[in-house]
Amino acid sequence: MADQHLSPATVVVAAGRPAHAPGAPVGPGIEMTSTYLAGGDTVYARAGNATWTALEDALGALEGGDALVLASGMAAIAAAFALAPADRPLLVPDAAYNTTLGLADELVAAGRTVVRVDVADTDAVRDAVERHRPGLVWLESPTNPLLDVADIEALADAAHAAGALVVVDNTFATPLRQRPLALGADVVVHSATKYLAGHSDVVMGVVVTTDPDLHARLLAHRTLHGAIAGPFEAWLTLRGLRTLAVRLDRATANAAALADRLRAHPAVERVRYPGTGAVVSIEVAGGADAADVVCAATRLWSHATSLGGVESLLERRRRHANEPTTVPVNLVRLSVGIEDVDDLWADLSTALDTTLDAPGRTD
Ligand SMILES: *Cc1c(COP(=O)(O)O)cnc(C)c1O
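Residues numbered from 1 in each chain as written. Predicted model: local features only at pLDDT ≥ 70, side-chain atom pairs only at ≥ 80, totals over all residues. Heavy atoms only, no water.

Undergrad: Can you lay out the overall build of the protein for me, pointing to particular residues and giving the numbers?
TA: Helix and strand content of the protein: eleven helices and twelve strands. What you see for the protein is a C-alpha radius of gyration of 21 Å, in line with the 21 Å of a compact globule of 363 residues. In terms of principal-axis extent, the alpha carbons of the protein reach across some 75 × 55 × 35 Å. Expressed as a percentage of its 363 residues, the buried residues of the protein come to 52%. Sequence-distant contacts, at least 24 apart, represent 67% of the contacts inside the protein between residues at least 6 apart. For the protein, the exposed surface amounts to about 15,300 Å²; the carbon and sulfur share of it is 53%. Within the protein, the 44 negative side-chain charges are centred at a point lying 2 Å from the centre of the 28 positive side-chain charges. (Helix = DSSP H or I, 4+ residues; strand = E, 2+ residues; numbered from the N terminus. Rg over C-alpha atoms; globule rule 2.2 N^0.38 Å. Buried < 20%, exposed > 50% of the residue type's maximum accessible area, 1.4 Å probe, protein only. Contact = heavy atoms within 4.5 Å. Areas by Shrake-Rupley, 256 points an atom, 1.4 Å probe, with all protein chains shown as cover. Lys, Arg positive; Asp, Glu negative; His and termini not counted. Charge placed at Lys NZ, Arg CZ, Asp CG, Glu CD.)

Undergrad: Report on the site of the ligand, specifying residues and quantitative values.
TA: Inspection of the region around the ligand gives 15 residues, with Met 74, Asp 169, Ser 191, Thr 193 and Lys 194 positioned closest. Interatomic distance of 2.8 Å between a backbone N/O atom of Met 74 and an oxygen atom of the ligand. Side-chain polar atom of Asp 169 to a nitrogen atom of the ligand: 2.7 Å apart, as the coordinates give it. Isolated, the ligand exposes 380 Å² of accessible area, and the fraction of that covered by the protein chains is 92%. Ranked by residue count, the leading element in the shell around the ligand is helix H3 (residues 73–81), at three residues. A class-by-class count of the residues in the shell around the ligand yields six nonpolar, six polar and three charged. (Near = heavy atom within 4 Å. Polar contact = N/O pair within 3.5 Å; in protein donor to acceptor, adjacent residues only side chain to side chain. Nonpolar A, V, L, I, M, F, W, Y, C, P; charged D, E, K, R; others polar.)

Undergrad: Requested: an account of unusual backbone geometry, with residues and values cited.
TA: In this chain, Ser 141 is followed by Pro 142 through a cis amide linkage whose omega measures -10°. Relative to the assigned elements, Pro 142 resides in the loop between strand E4 (136–140) and helix H6 (152–161). A cis amide bond, omega 0°, links Asn 144 with the succeeding residue Pro 145. Within the secondary structure, Pro 145 sits in the loop between E4 and H6.

Undergrad: Which residues make up the pattern of salt bridges, and what values do they have?
TA: Counted according to the given criterion, the structure contains twelve salt bridges. Between Arg 116 and Asp 105 there is a salt bridge, and its shortest N-O distance comes to 2.9 Å. Remark: Asp 105 occurs in helix H4 (residues 98–109) and Arg 116 occurs in strand E3 (residues 114–117); sequence separation between them is eleven residues. Among the ionic pairs, Glu 315 bridges to Arg 333, the shortest N-O distance being 3.4 Å. Taken together, the residues Glu 315 in strand E11 (residues 313–316) and Arg 333 in strand E12 (residues 331–335) connect sequence positions 18 residues apart. Arg 333 carries the same exposure label as Glu 315, and that label is buried. Residues participating in the shared-partner salt-bridge network are Glu 315, Arg 317, Arg 319, Glu 323 and Arg 333. (Salt bridge = Lys/Arg side-chain N within 4 Å of Asp/Glu carboxyl O.)

Undergrad: Which residues make up H3, and what are the values?
TA: Of all nine residues making up H3, seven are buried, and the element is well covered by its neighbours. Along H3, the residues classified as buried are Gly 73, Ala 75, Ala 76, Ile 77, Ala 79, Ala 80 and Phe 81.

Undergrad: Could you give an account of empty space enclosed by the protein, with specific residues and numbers?
TA: For the structure shown, the criterion picks out one cavity of 30 Å³ or more. In terms of lining, the largest cavity is formed by Tyr 195, Arg 247, Ala 251, Gly 308, Gly 309, Val 310, Val 336, Gly 337 and Ile 338. The class makeup of the residues in the lining of the largest cavity is five nonpolar, three polar and one charged. (1 Å grid on protein atoms, 1.4 Å probe; cavity = no way out; pocket = protein on both sides within 12 Å on 5 of 7 lines; lining within 4 Å. Points joined across faces, edges and corners; volume = space filled by probe spheres on them.)

Undergrad: Go over the nonpolar core, please, and point to the residues and values.
TA: Formed by 62 residues in total, the largest nonpolar core has its most connected members in Leu 241, Leu 262, Val 280, Ile 282 and Leu 334. For this core, the leading source of residues is helix H9 (residues 244–263), giving eight residues. Setting aside chain neighbours within four positions, we find Leu 241 in contact with Val 12, Ala 58, Leu 59, Leu 62, Leu 196, Ala 197 and Arg 247. One finds Leu 90, Leu 103, Val 207 and Leu 218 within the second-largest nonpolar core, a separate group that totals 27 residues. (Core = buried A, V, L, I, M, F, W, Y, C linked by side-chain atoms within 4.5 Å.)

Here's what the structure looks like:
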């Protein structure tokens, strides 16, 4: 499976399978054990598990590095944050996944210097890198939920010139749309909970790097801190990953079509869509209340947090107290699934229409 000529749509199906041999299963089993008989490579299941290895082989092949799976996206993010040198500042996005920023706030509370910067503004990041000489630059692109896009290659160059490590949260793009390691990043992290697993039935994280030293430190972090994935969850993630290419193609086509239709809807003030991927964020005319009305009114779309599953979800992000205030109060994030696009539009446009009929509305 090290064959470099295979297309990613093939790798996603073919990587992480047992070697071809008569009688071998076509996919890995679920290795349920806490310990291993002495004399082998794996000693204890907090340090290794064959079901993880299968998933790691697949994810590593997709991102172009060596992967480690962890219990959740946040466990992966915490492991990557721990790579930051203690005596230098961290540079993080001024708008990004709320819990990532919460983890950065915890470092601030512990006395570390964290600088927030708009990662879509390349010059602003370059200036901040020169001024603060960070030890680690954290990027998320496209960002959750504003869908801002960072120039990873240019920012990685600037960060490396200052001796900083570059970590990219690639959850929204997936390795089928963006491969940050090839663009110069040192480490990629994912909430595999989202597109990689793809069915809203598992919480899972992954870190990937090409650097053996960083890999060893990330592995040590996982074993020492113990935020490990369950074998069944790892198996479910690999099972879900097999259809990533077709899911993403369908969901992206749906999202692009919905973004166009939403731009023409009178209840929508602004549509954010970076032109690829399956998340669309809209700002609903009439403020937070109107946005809440929309979320409550859909019947096919589920009102729930999270994204990246086959089913369409929507959510007003500022309903969470920890959402950054850089996110407008009337912003509704749409995670577009793989249903029929006309059914999705009929349900969503009907929900938007209800805000136009709302009594007391003056604009
Ligand atoms: C959901 C998400 C996370 C957190 O992942 P969990 O699996 O929920 O721990 C991190 N980054 C982004 C961009 C996310 O959307």
